[in-house]
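# Residue-level structural notes
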Amino acid sequence: DTRITFYDYFKEPKFSKIQELLKVMDKVAEKHHKTCAQIALNWNTSYAGVATSLCGITNREYAKENCAAFDFEFDSEDLGLLNEAVEKLSQ
């Protein structure tokens, strides 16, 4: 993946922290029977002031998967887990 050459989240110490965030996202995704990508899309747009999220797709199925990211709502526990995991990234 060429992103490793310019995106420091693929390098330590950030890489390990991102892996911990992904574990939390996987837990929330499992609870809602969604993919991690769907969790990210829904979570990103759940913030006040965020009206859209740009994402690339390569086929019709990916477009449908992205749209299905919005057919559920996070509860306060989900948001707490996700937000806490992001807080740890900045420490």
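The following paragraphs examine the structure supplied in this document. (Residues numbered from 1 in each chain as written. Predicted model: local features only at pLDDT ≥ 70, side-chain atom pairs only at ≥ 80, totals over all residues. Heavy atoms only, no water.)

### Some details on the packing of aromatic side chains
Per the counting criterion, the structure on display carries three aromatic pairs. Plain terms: the ring middles of Tyr 7 and Tyr 9 are 5.3 Å apart, the flat faces sit at 45° to each other, and that makes the pair tilted. The class of Tyr 7 is partly exposed, set by a relative accessible area of 40%. Residues Phe 72 and Phe 74 carry aromatic rings whose centres are separated by 5.2 Å and whose planes lie at 85° to one another, so their mutual orientation is edge-to-face. Phe 74 carries the same exposure label as Phe 72, and that label is buried. A connected cluster of aromatic rings, assembled from ring pairs, spans Tyr 7, Tyr 9 and Phe 10. Sitting over the face of the ring of Tyr 9, Lys 14 holds its NZ or CZ atom 4.5 Å from the ring centroid. (Phe/Tyr/Trp six-rings, centres within 6.5 Å; stacked < 30°, edge-to-face > 60°. Buried < 20%, exposed > 50% of the residue type's maximum accessible area, 1.4 Å probe, protein only. Lys NZ or Arg CZ within 6 Å of the ring centre and 35° of its normal.)

### Let's talk about the nonpolar core
The tendency in soluble globular proteins is for nonpolar side chains to be buried side by side. One finds Leu 21, Met 25, Val 28, Ala 29, Ile 39, Trp 43, Phe 72, Phe 74, Leu 82 and Ala 85 forming the largest nonpolar core, which totals 10 residues. Of all the secondary-structure elements, those providing two or more residues to this core are helix H1 (14–32), helix H2 (36–44) and helix H4 (76–89). Ranked by the residues each element gives to this core, the list is headed by H1, at four residues. Contacts of Leu 21, omitting those with residues within four sequence positions, involve Trp 43, Leu 82, Ala 85, Val 86 and Leu 89. (Core = buried A, V, L, I, M, F, W, Y, C linked by side-chain atoms within 4.5 Å. Helix = DSSP H or I, 4+ residues; strand = E, 2+ residues; numbered from the N terminus. Contact = heavy atoms within 4.5 Å.)

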